[in-house]
Amino acid sequence: MCRNIRTLHNFEPAVSDEEIRAAAVQYVRKVSGMNKPSRANEEAFNRAVHEVAHTTSHLLAALVTTAPPKDREAEAAKRKARSAQRFAA
């Protein structure tokens, strides 16, 4: 999994459309191998981002859990701590 794609399920506050779209862009970039598509591929790239974001929205709406929602700030702090440990020299 691409490190830039974050878990979006079961957070408080709930995930926003912008976060879903950002994850879709990262996914399509990873799969296509393109950071920015050429003009010839731009329509296909943007269509793929839209479809992945749409499907992700449906997935997140359909998922159920009995676990309490995770705190965004606490999860961000955990990621920063893991990153600091990983890149410590």
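Residues numbered from 1 in each chain as written. Predicted model: local features only at pLDDT ≥ 70, side-chain atom pairs only at ≥ 80, totals over all residues. Heavy atoms only, no water.

1. Things to note about the pattern of salt bridges
Phase 1: Under the criterion given, the structure shown has three salt bridges.
Phase 2: E43 serves as the salt-bridge partner of R47, at 3.7 Å between the closest nitrogen and oxygen. Taken together, the residues span about one helical turn, with R47 and E43 both in helix 2 (residues 39-62) at a distance of four residues.
Phase 3: Residue E43 is classed as exposed on the basis of its relative accessible area of 61%. (Salt bridge = Lys/Arg side-chain N within 4 Å of Asp/Glu carboxyl O. Helix = DSSP H or I, 4+ residues; strand = E, 2+ residues; numbered from the N terminus. Buried < 20%, exposed > 50% of the residue type's maximum accessible area, 1.4 Å probe, protein only.)

2. Some details on the environment of S16
Phase 1: Positionally, S16 belongs in the loop between strand 1 (11-12) and helix 1 (17-32).
Phase 2: Under the relative-accessibility criterion, S16 is labelled partly exposed at 24%.
Phase 3: Sequence separation between S16 and S57 is 41 residues, and the spatial gap between their C-alpha atoms is 9.5 Å.

3. Structural notes on the packing of helix 1 against helix 2
Phase 1: It is the contact of helix 1 with helix 2, at a shortest axis distance of 8 Å, that shows an interaxial angle of 130°. It follows from the interaxial angle that helix 1 and helix 2 lie oblique. Taken as a pair, helix 1 and helix 2 cross one another with a handedness that is right-handed. The segment helix 1 lies against helix 2, with I20, R21, A24, V25, Y27, V28, R29 and S32 engaging F45, A48, V49, V52, A53, T56, S57 and L60.
Phase 2: The class makeup of the residues in the contact of helix 1 with helix 2 is 11 nonpolar, three polar and two charged. (Axes fitted to C-alpha atoms, helices over the stretch in contact; angles between N-to-C directions. Parallel < 35°, antiparallel > 145°, perpendicular 65-115°, else oblique. Left-handed = near helix turned anticlockwise from the far one by under 90°. Contact = heavy atoms within 4.5 Å. Nonpolar A, V, L, I, M, F, W, Y, C, P; charged D, E, K, R; others polar.)

None of the figures reported here should be taken as evidence of function without further support.
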